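Summary of the model geometry
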Amino acid sequence: MNELLLDGRNLKTKEQVHAYLARQTFFPATYGYNLDALFDVLTSVTGCVIKVRYRQSLLDNLGSYGVSLLNVIAEAAKENKHLQVVVQDNEGGEECL
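Here the residue numbering is sequential within each chain, running from 1 through the sequence in written order. Only residues with pLDDT of at least 70 get local features here, since the model is predicted, and only at 80 or more are side-chain atom pairs given and counted; chain-wide, interface and lining totals rely on the full set of residues. Working from all heavy atoms in the structure, the side-chain values ignore hydrogens and water.

Take the pairing of strand β3 (residues 83–88) next. Across the 6 residues that make up β3, a large majority, 5, are buried. Between any two strands, pairing holds if DSSP finds at least two bridges. Per the convention used, a helix needs a DSSP run of H or I reaching at least four residues, while a strand needs a run of E reaching at least two, with both numbered from the N terminus. As paired strands, strand β2 (residues 48–53) and β3 are joined by 5 bridges and run parallel to one another. Residue C48 lies in a different strand from β3, and its bridge partner there is L83. Exposure is judged per residue with a 1.4 Å probe applied to protein chains only, and the accessible area is read against the type maximum: over 50% gives exposed, under 20% gives buried, and values in between give partly exposed.

Geometry of an aromatic ring pair is reported as the spacing of the ring centres plus the angle between the planes. Any two of the Phe, Tyr and Trp rings considered here, Trp counted by its six-membered ring, make a pair once their centres fall within 6.5 Å; the pair's planes then place it as stacked at under 30 degrees, edge-to-face at over 60, or tilted in between. Overall, the coordinates contain 3 aromatic pairs when judged by the stated rule. Between the aromatic rings of F26 and F27, the centroid separation amounts to 5.0 Å while the plane-to-plane angle is 55°, which identifies the pairing as tilted. Take F26: its relative accessible area is 18%, and that puts it in the buried class. Judged by its relative accessible area of 6%, F27 is buried. Centroid distance F27 to Y31: 5.0 Å. Interplanar angle 85°. Geometry classified as edge-to-face.

The next subject is the packing of helix α2 (residues 35–44) against helix α4 (residues 64–79). Axis lines are fitted to C-alpha atoms, over the contacting stretch for helices. Their N-to-C directions set the angle, which ranges from 0 to 180 degrees. Two numbers describe how α2 lies on α4: the axes approach to 9 Å, and their chain directions differ by 25°. Taken together, α2 and α4 sit at an angle that is classed as roughly parallel. Viewed along their axes, α2 and α4 form a crossing whose handedness is right-handed. Note on element contacts: α4 touches α2 through Y65, S68, L69, V72, I73, E75, A76 and E79, opposite L35, L38, F39, L42 and T43. For this classification, Asp, Glu, Lys and Arg are treated as charged, while Ala, Val, Leu, Ile, Met, Phe, Trp, Tyr, Cys and Pro are nonpolar and the rest, including Gly, are polar. Here the contact of α2 with α4 is built from residues that sort into 9 nonpolar, 2 polar and 2 charged. Angle categories: roughly parallel below 35 degrees, roughly antiparallel above 145, roughly perpendicular from 65 to 115, and oblique for all the rest. Crossings are sorted by hand: turned counterclockwise from the far helix by less than a right angle, the near helix makes the crossing left-handed, and turned clockwise it makes it right-handed. The criterion used for residue contact is that any of the two residues' heavy atoms lie within 4.5 Å.

So, on to the nonpolar core. To define a nonpolar core, start from buried Ala, Val, Leu, Ile, Met, Phe, Trp, Tyr and Cys residues and group those joined through side-chain atoms within 4.5 Å. Of all hydrophobic cores here, the largest spans 30 residues; its most connected members are L6, L21, L38, I50, L69, I73 and L83. Elements supplying a minimum of two residues to this core: β1 (2–7), α1 (14–22), α2, β2, α3 (55–62), α4 and β3. Top contributing element to this core by residue count: α4, with 7 residues. When residues no more than four places from it in sequence are discounted, the contact partners of L83 are L42, C48, I50, I73, A76 and A77.

Rendered as structure tokens:
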């Protein structure tokens with residue numbers, strides 16, 4: 001099973017987010033470095049858990065792009081039954097999408 005950890009404390013720009021994602025072993029070499037490409041990857045992956053840690057830090061760092069990023073991940077999880085998403089807030093509370 002693939003696991004992807006997004007630590008909101010370390011992701012400060014959208015370019016940094018997509019560069020990090022592109023380095024993941026299950027992302028194709030042709031990854032497009034944008035939210036549409038992310039959606040395409042996440043809706044086609046099998047056996048994947050995404051853990052978003054420090055959600056508020058992610059939103060503070062990325063602003064509206066962070067909101068869009070989390071929305072894309074949530075929408076992909078609705079479309080792909082093989083994708084599990086766990087979001088942790090800055091205080092350690094968790095919710096599954």
